[in-house]
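Each chain is listed here by its residues.
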Amino acid sequence: MELAQLAGNDRIKEQLSRQEGGRGLSHAYILRGPAGSGRRTLARLLAAAMECTASRRPCGQCPQCRKVFRGIHPDVQTVGEDKAPLVDQVRALRSDAFVRPNEGARKIYLIHHAEEMNPSAQNAMLKLLEEGPPYAAFLLLAEGNGLLQTVRSRCEELSLAPVPLGVCEAWLARRFPEKTPQERRSAALACQGILGRAVDRLEDSGSQEARQTRVRALADTLVSASEGALLEAALPLEKESRDELSALLAGLEGELVRRLARERRPRVLRAAELTGQLRTALLFNANPGQLAGWLCAGMFARDGDGGTKGVKWS
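Within each chain, residues carry numbers counting from 1 in the order of the written sequence. In keeping with the predicted nature of the model, local features appear solely for residues at pLDDT of at least 70, side-chain atom pairs appear and are counted solely at 80 or more, and the whole-chain, interface and lining totals rest on all residues. Excluding hydrogens and water, the side-chain values take into account all heavy atoms of the structure.

What to know about helix 8 (residues 181-190)
Defined as follows: Relative accessibility thresholds used throughout: buried, under 20% of the residue-type maximum; exposed, over 50%; partly exposed, between the two (1.4 Å probe, protein chains only). Segments assigned H or I by DSSP are reported as helices when at least four residues long, segments assigned E as strands when at least two residues long, and all are numbered from the N terminus. As used here, the arc belongs to the directions running from the helix axis to the C-beta atoms.
Among the residues of helix 8, those classed as buried are R184, A187 and A188. The arc that holds every buried residue of helix 8, seen down its axis, measures 100°, which confines them to one face. Residues of helix 8 that are exposed and point more than 90 degrees away from the buried face comprise Q182 and L189. Of the residues trailing helix 8, Q192 is marked for its positive phi of about 55°.

Side note on the nonpolar core
Our working rule: Working definition of a nonpolar core: buried Ala, Val, Leu, Ile, Met, Phe, Trp, Tyr and Cys residues. They are joined through side-chain atoms within 4.5 Å. We call two residues in contact whenever any of their non-hydrogen atoms come within 4.5 Å of each other.
One finds L16, Y29, L42, L46 and L139 to be the most contacted residues of the largest nonpolar core, which totals 28 residues. With 8 residues, the top contributor of residues to this core is helix 2 (residues 39-51). If we skip the residues at most four places from it in the chain, L46 touches M1, L16, L25, Y29, L31, L139 and L158. A219, L256, A281 and C296 belong to the second largest nonpolar core, which has 26 residues in total.

Observations regarding the sheet that holds strand 4 (residues 136-142)
Defined as follows: Two strands make a pair as long as DSSP finds a minimum of two bridges between them. Note on geometry: axes are lines fitted to C-alpha atoms, helical ones only across the stretch in contact, with angles between N-to-C directions running from 0 to 180 degrees.
Pairing is parallel across the open sheet formed by 5 strands, whose spatial order is 2-3-4-1-5. Strands at the two margins of the open sheet, each flanked by one partner only, are strand 2 (76-79) and strand 5 (156-159). Taking the axes of each pair of neighbouring strands and ignoring which way they run, one obtains an average angle of 20° across the sheet. In this sheet, strand 4 lies alongside strand 3 (residues 107-111) in parallel orientation, the contact comprising 5 bridges. When the bridges of strand 4 are listed, L110 appears paired with L139. Those strands touched by helix 4 (residues 87-97) are strand 2, strand 3 and strand 4, and its axis lies near 165° from that of strand 3.

Regarding unusual backbone geometry
Geometrically, the link from R57 to P58 is a cis peptide bond, its omega value of -10° lying close to zero. Positive phi is not limited to glycine here, since Q192 has a value of about 55°. Here Q192 is to be found in the loop between helix 8 and helix 9 (195-224). For Q192, a relative accessible area of 60% gives the class exposed.

Remarks on the packing of aromatic side chains
Our working rule: Between the rings of Phe, Tyr and Trp (Trp by its six-membered ring), a pair exists once the centres lie within 6.5 Å; its type follows the angle of the planes, with under 30 degrees stacked, over 60 edge-to-face, and the other angles tilted.
All told, the structure shown has 1 aromatic pair when counted by the stated rule. Measuring from ring centre to ring centre gives 5.5 Å for Y109 and F138, while their planes differ by 15°; the resulting arrangement is stacked. Placement of the pair is Y109 in strand 3 and F138 in strand 4, with a sequence separation of 29 residues. For Y109, a relative accessible area of 0% corresponds to the buried category.

Considerations on the packing of helix 2 against helix 3 (residues 63-70)
The cut-off we apply is this: Orientation labels follow simple angle bins: below 35 degrees gives roughly parallel, above 145 gives roughly antiparallel, 65 to 115 gives roughly perpendicular, and whatever is left gives oblique. Crossing handedness follows the turn of the near helix against the far one: under a right angle anticlockwise gives a left-handed crossing, and clockwise gives a right-handed one. Each residue is assigned to one class: nonpolar for Ala, Val, Leu, Ile, Met, Phe, Trp, Tyr, Cys and Pro, charged for Asp, Glu, Lys and Arg, and polar for all the others, Gly among them.
Packing of helix 2 against helix 3 brings their axes to within 9 Å, and their N-to-C directions diverge by 155°. Classified by the interaxial angle, the pair formed by helix 2 and helix 3 is roughly antiparallel. Regarding helix 2 and helix 3, the two cross each other, and that crossing is right-handed. In contact with R44, L45, A47, A48 and E51 of helix 2, helix 3 contributes Q64, C65, V68 and F69. For the contact of helix 2 with helix 3, the residue count by class is 6 nonpolar, 1 polar and 2 charged.

Right, here's the structure in full:
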């Protein structure tokens, strides 16, 4: 099998390569490892190998492989990506599994959070593993050892191992050529051989820099610009996810507090207080789409004594 996309894990590669071309692959695998260890990559490689039409699988070039890697193959389904499947979902798989493949050689199910399935769901899974059609294949992605022994006994287990430091650095150099060797080595050392953690670290460093740039620009606008300029600067925030908006507001409040320590201008104080109120409102599920209006209302609306009116959250 062609498994170059999977970093490290030579033992797994050797084990699977003995099943040359994907034709001898099992109908059920447990892919075990911590988040970021490569379980999803390995699952896609196995699915592509099962569907590939080339002599050495997965080739990565045939229509079947391209569809699997793009996540659009009609015969490769992902189940429980957000949370462990329930017993009714597993039973529904049984009905679906007995419908023959649409265009591929097999019907393949990538089952996430497999070890978190309750006993009823696992027993339904066991029945499917034992009685499913010969063209159906099941890839159970798990972190721990929560699967029942009866389920484990029906599957071939592949446990992903941490990647050696040198392999990790080489892989990160290909993935992040724009990062410095020092940044890549720092991420490789910190990730403890789990590549996904290194990727998160390097990707987040870029997003943090961009976020901080936005924070400083918005702080400048809050403390010195006109109402119209503030509204224009705040409007893009309404399109952010709740998590990103929360991070932006946290950064903004911190930036304003630092400025307040240097200069106790009333407008800086007002902006810091308002940002704190907005963060609190967001925690209580306030509508992010109203953020721009709230910022302007809080900064420019005044009460009879010339102070800032409190923003009412409804």
